[in-house]
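Below, each chain spelled out in residue letters.
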Amino acid sequence: MMTVSRRSLLVISLTTALGLALPATGAFAADNAAYFPPAGEWARKDPAQLGMDPAALAAAIQFAQSRETERPLDLSDQEAVFGTRLGSMPTKRAHTNGVVIYKGYVVAEFGDTRFVDPTYSVAKSMLATVAGVAVRDGRIQVNDPVAKTVNDGGYAAPHNAPVTWKQHLQQESEWEGELWGKHSNFIGKESFGKGEKKPRSIKAPGSFYEYNDTRVNRFALSLLRVFGQSVPDVFQQQVMDPIGASSTWKWVPYHNSYVEVNGKQVPSVSGGTRWGGGMWIDSWDMARFGYLWLNEGNWGGKQILPASYVKEALTPSAHGPDYGYLWWLNTKGKNLPGMPATAFAALGAGSNDIVVSPEHDLVIVWRWHAGNAAEFATRVIAAIRK
């Protein structure tokens, strides 16, 4: 990690036709303290000053801009792709946009990075972060059955009773049931669109991986029960406020996903925007979230997530496709082709992605693009000369 100091303020003017860097907005200098952006700003630095080839980086940005998703701007394909909606959807999305953070500094930005959009399944990695807060505070232990602390009937059936927090986090819970009008079997084109699944035998919890939003939503509800407050409130108070995120993001519930807690109706949120709602956020707040994970859960000396939990979260599960705790991994080199085995990503439909490469001290947010997120990331990495 590049070391910096806030004792010195260096203001530099960086302009390129592609907007690779703008006037510096923070303090930085060689020292022993890593730079963490304060709320409302993020220091920018000329790529050449950090040992990057500006022309190669500009070419990478040009590539990213040329790879916009074919999803309609009005997201009118939502139900055809995912099935009957349960929550709100925006009437318009942004064009492709993104941010590149290298050695803690902004070296590139393109498109409308302030546009607040659904980020789809990136919300799953955010749920994993809330679970990390629960571990930090001693509210849960990942290997415990969820039923040990959650007694709302969701784990009363003999099949669901052994489901652990870890199995939910690794999408290996095989939890069976219906939640918010969506069954865990994903059968039926009207309910699940192109994502519908074929009938199959249910497996024992912990023995089979399946990417399944109903089960993730059950996990989110269980986190609400453990905290006794909404997951967005926990996320804001324990994660987003401490890392200096904006106030523009919102975690939108379904119209019917409310439960009673201490006499109040509290919204339970989803792990994506498959059926509407979900996390709506801009690229800068996504970058801060990725930077927290790059720094192993630490922000400016405050350990928001236990480092041990981050390590576990980035360890492949037994049955998943190189999958950790609701994070995509690259230990086999398949999910992010051409990137290091230590790279990992939060991936959302659209595509909306956060790619983190600890070996390169790099965080990349790329939204509304076609193709694999690594296609852009490897081009950025190729621009690093030292």
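Scoring rules and cut-offs
- Residues numbered from 1 in each chain as written.
- Predicted model: local features only at pLDDT ≥ 70, side-chain atom pairs only at ≥ 80, totals over all residues.
- Heavy atoms only, no water.
- Pairing = 2+ DSSP bridges.
- Helix = DSSP H or I, 4+ residues; strand = E, 2+ residues; numbered from the N terminus.
- Buried < 20%, exposed > 50% of the residue type's maximum accessible area, 1.4 Å probe, protein only.
- Contact = heavy atoms within 4.5 Å.
- Axes fitted to C-alpha atoms, helices over the stretch in contact; angles between N-to-C directions.
- Phe/Tyr/Trp six-rings, centres within 6.5 Å; stacked < 30°, edge-to-face > 60°.
- Lys NZ or Arg CZ within 6 Å of the ring centre and 35° of its normal.
- Polar contact = N/O pair within 3.5 Å; in protein donor to acceptor, adjacent residues only side chain to side chain.
- pLDDT = per-residue confidence, 0-100.
- UniProt positions renumbered as here; feature names shortened; annotations may be inferred.
- Arc of directions from axis to C-beta.

**Concerning the sheet that holds strand 11 (residues 278–281)**
Part 1: Strand order in this open sheet of three strands is 5-11-8, and the pairing throughout is antiparallel. Every other strand in the sheet has two partners, leaving strand 5 (117–118) and strand 8 (250–252) as the edge strands with one partner each.
Part 2: Sheet topology note: the strand 8/strand 11 ladder contains three bridges and is antiparallel. Note on strand 11: the bridge partner recorded for Trp251 is Met279.

**Concerning the environment of Ala287**
Part 1: Mapped onto the elements of the fold, Ala287 is located in helix 8 (residues 283–294).
Part 2: On the basis of relative accessibility, which here comes to 0%, the residue Ala287 falls in the buried class.
Part 3: When the C-alpha atoms of Ala287 and Val163 are compared, they prove to be 32 Å apart, with 124 residues separating the residues in sequence.
Part 4: Those residues within four positions of Ala287 in sequence are excluded, and the remaining contacts are Trp42, Ile101, Val363 and Val365.

**Regarding the sheet that holds strand 3 (residues 97–102)**
Part 1: With antiparallel pairing, the six strands of this open sheet are ordered in space as 4-3-17-16-15-14. Edge positions in the open sheet fall to strand 4 (105–110) and strand 14 (328–329), since each of these has one partner strand only.
Part 2: Relative to strand 17 (residues 362–367), strand 16 (residues 352–357) runs antiparallel, the two being bridged by six bridges. Residue pairing for strand 17: Val355 is matched across the bridge by Ile364.
Part 3: Sheet strands touched by helix 8: strand 3, strand 4, strand 15 (344–348), strand 16 and strand 17. Its angle to strand 17, the strand with the most contacts, is close to 150°.
Part 4: On top of the sheet, helix 10 (residues 374–382) reaches strand 3, strand 4, strand 16 and strand 17; it is set at about 140° to strand 17, its chief contact.

**Let's talk about the packing of aromatic side chains**
How two aromatic rings sit relative to each other is given by the distance of their centres and the angle of their planes.
Part 1: For the coordinates displayed, the defined rule picks out 25 aromatic pairs.
Part 2: Relative to Trp368, the ring of Tyr120 has its centre 6.2 Å away and its plane inclined at 90°; by these criteria the two rings are edge-to-face. Taken together, the residues Tyr120 in the loop between strand 5 and helix 3 (122–136) and Trp368 in the loop between strand 17 and helix 10 connect sequence positions 248 residues apart.
Part 3: Tyr120 gets classed as buried once you look at its relative accessible area, which sits at 2%.
Part 4: Residue classification places Trp368 among the buried residues on the basis of a relative accessible area of 0%.
Part 5: Above the plane of the ring of Tyr105 lies Lys45, whose end atom (NZ or CZ) is 5.4 Å from the centre.

**Comments concerning the side chain of Glu109**
Part 1: Counting through the fold element by element, Glu109 comes out in strand 4.
Part 2: In this structure the side chain of Glu109 is engaged in a polar contact, spanning 2.7 Å, whose partner is the side chain of Thr113.

**Things to note about the environment of Tyr35**
Part 1: Its location among the elements puts Tyr35 in the loop between strand 2 (33–34) and helix 1 (54–65).
Part 2: Taking the C-alpha atoms as reference points, Tyr35 and Trp299, separated by 264 residues in sequence, lie 9.4 Å from one another.
Part 3: Only 2.9 Å separates the side chain of Tyr35 from the backbone nitrogen of Ala43, close enough to count as a polar contact.

**Describing the confidence of the model for the protein**
Part 1: When the pLDDT values of the protein are averaged, the result is 93; 92% of them are 70 or greater.
Part 2: For residues 1–31, every residue scores under 50 in pLDDT, and the model assigns this stretch 88 contacts once sequence neighbours within four places are set aside.

**As for the pairing of strand 3**
Part 1: Summarising burial for strand 3: six of the six residues are buried, a large majority.
Part 2: The side-chain alternation of strand 3 yields two buried faces, one formed by Asn97, Val99 and Ile101 and the other by Gly98, Val100 and Tyr102.
Part 3: Across six bridges, the pairing between strand 3 and strand 17 is antiparallel. Residue Val100 lies in a different strand from strand 17, and its bridge partner there is Ile364.
Part 4: As paired strands, strand 3 and strand 4 are joined by five bridges and run antiparallel to one another. Within strand 4, the position partnered with Tyr102 by the bridge is Tyr105.
Part 5: The antiparallel pairing of strand 3 with strand 4 creates a hairpin that spans two residues between the two strands, and Lys103 there sits at a positive phi of about 55°.

**Quick word on unusual backbone geometry**
Part 1: Here the amide bond leading from Gly350 into Ser351 is cis, since omega sits at 0°, within 30 degrees of zero.
Part 2: Relative to the helices and strands, Ser351 resides in the loop between strand 15 and strand 16.
Part 3: Backbone geometry places Glu174, a non-glycine residue, at a positive phi of 55°.
Part 4: You can see Glu174 is positioned in the loop between helix 4 (165–169) and strand 6 (178–179).

**Points about the UniProt feature "domain: Beta-lactamase-related" (unreviewed entry) in the protein**
Part 1: Following the UniProt record, the feature "domain: Beta-lactamase-related" (unreviewed entry) maps to residues 98–366 here.
Part 2: Secondary structure within residues 98–366 divides into 25% helix and 20% strand; the distance between the first and last C-alpha atoms comes to 4 Å.

**Overview of the environment of Val116**
Part 1: Mapped onto the fold, Val116 is located in the loop between strand 4 and strand 5.
Part 2: A relative accessible area of 24% places Val116 in the partly exposed class.
Part 3: Once the C-alpha coordinates of Val116 and Asp322 are considered, the two residues, 206 residues apart in sequence, prove to be 30 Å apart.
Part 4: In contact with Val116, other than residues within four places in its own chain, are Thr248, Trp280, Ile281 and Asp282.

**A word on helix 10**
Because each turn of an α-helix spans 3.6 residues, side chains separated by three or four positions end up pointing in the same direction.
Part 1: Looking at helix 10, one finds that the buried residues are Ala374, Phe376, Ala377, Val380 and Ile381. Along the axis of helix 10, the buried positions cluster into a sector of 160°, meaning they face one direction only.

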